[in-house]
Structure formats: structure tokens, C-alpha cells
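Understanding the architecture of this molecule
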Amino acid sequence: MVPEEPQYTEEHEWVLRISDSSVRVGITDYAQTQLGDIVFVQLPRTGETFAAGQSMGEVESTKAVSQVYAPLAGRVNDGLDSQPDSVNSDR
């Protein structure tokens, strides 16, 4: 599923506002297709802050490891470390 009104970065991330104080960040369908099956996601710990454009983690697939860049400054609410394959889901 592609978000209805996302904003995209040149590095193939997207950001979608889900409330006045929260956004959801993901990688584009193109990036997912190029990576293949996601096997590991390394993101900052819950509560960690980051600046716009800063590397905030990595996505590892059976093909490659790619950096994930923060599309804007913020704080991490929760991570994907227990379910890295949910990167390829529609939620």
C-alpha cells in the first residue's frame, strides 16, 4: 500500500503526518523492490532524537545494506527491530 499523501525524499524515504504531533516514516516501494527481502532493520532506540538528513539507521536485505535518513528532525516512538519484515507490509 502506498500512503495517500506522503512527502518523498531523494533518498527514497517517505513521511506521512498521522497526527498533529506524529509522523510515519518509511521507504518507498521502489527502494523495497530494489532491496528485496528485508532481514534486519537498525533504527535509533525509542526516545532517541535525530536531525533532518541524519542517518537514523540501516535496512539490511538479502541483497544489500542501505542507510535510512531522517526526512525531518524528530524523536523515535518505536522501532522495527522485532519485526524487520514489516517494512515490506502495508501498515
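For the structure itself, look to the data block above.
So, here is what we can say about the structure in this document. (Residues numbered from 1 in each chain as written. Predicted model: local features only at pLDDT ≥ 70, side-chain atom pairs only at ≥ 80, totals over all residues. Heavy atoms only, no water.)

1. Some remarks on a nonpolar patch on the surface
Among the surface-exposed residues, Val 23, Val 25 and Leu 72 lie close enough to one another that they form a single nonpolar patch of about 180 Å² accessible area. Here Leu 72 lies in the loop between β7 (65–69) and β8 (74–75). (Patch = residues over 30% accessible without salt bridge, like charges linked within 9 Å, V, L, I, M, F, W, Y side chains within 5 Å. Areas by Shrake-Rupley, 256 points an atom, 1.4 Å probe, with all protein chains shown as cover. Salt bridge = Lys/Arg side-chain N within 4 Å of Asp/Glu carboxyl O. Helix = DSSP H or I, 4+ residues; strand = E, 2+ residues; numbered from the N terminus.)

2. Describing the nonpolar core
Formed by Ile 27, Ala 31, Leu 35, Ile 38, Val 41, Phe 50, Met 56, Val 59, Val 68, Ala 70 and Val 76, the largest nonpolar core amounts to 11 residues. Those elements giving two or more residues to this core turn out to be α1 (29–35), β4 (38–42) and β6 (55–61). (Core = buried A, V, L, I, M, F, W, Y, C linked by side-chain atoms within 4.5 Å. Buried < 20%, exposed > 50% of the residue type's maximum accessible area, 1.4 Å probe, protein only.)

3. Let's talk about the sheet that holds strand β1 (residues 7–8)
Within the open sheet, the 3 strands sit side by side as β1-β2-β3. Their pairing is antiparallel. Strands with a single pairing partner mark the edges of an open sheet, and in this sheet they are β1 and β3 (23–27). (Pairing = 2+ DSSP bridges.)

4. Details of the pairing of β7
Pairing of β6 with β7, which is carried by 5 bridges, proceeds in the antiparallel orientation. For Gly 57, the partnering residue across the bridge sits in β7 and is Val 68. Counted along the chain from β6 to the antiparallel partner β7, the turn is 3 residues long.

5. Some details on the side chain of Glu 13
Inspection of the secondary structure puts Glu 13 in strand β2 (residues 13–17). Despite its burial, Glu 13 pairs with no opposite charge, the nearest such side chain being Arg 24 at 15 Å. There is a polar contact of 2.8 Å between the side chain of Glu 13 and the side chain of Thr 9. One polar contact links the side chain of Glu 13 to the main-chain amide nitrogen of Tyr 69, over a distance of 3.1 Å. (Lys, Arg positive; Asp, Glu negative; His and termini not counted. Polar contact = N/O pair within 3.5 Å; in protein donor to acceptor, adjacent residues only side chain to side chain.)

6. Things to note about the side chain of Thr 28
Examined against the element boundaries, Thr 28 turns out to sit in the loop between β3 and α1. Residue class for Thr 28 comes out buried when judged on its relative accessible area of 9%.

7. Brief notes about the sheet that holds β7
One open sheet holds the 3 strands; their spatial order is β4-β6-β7, and the pairing between them is antiparallel. In this open sheet, the two edge strands, each paired with only one partner strand, are β4 and β7. Between one strand axis and the next, the sheet turns by 20° as a mean value, whatever way the strands run. (Axes fitted to C-alpha atoms, helices over the stretch in contact; angles between N-to-C directions.)

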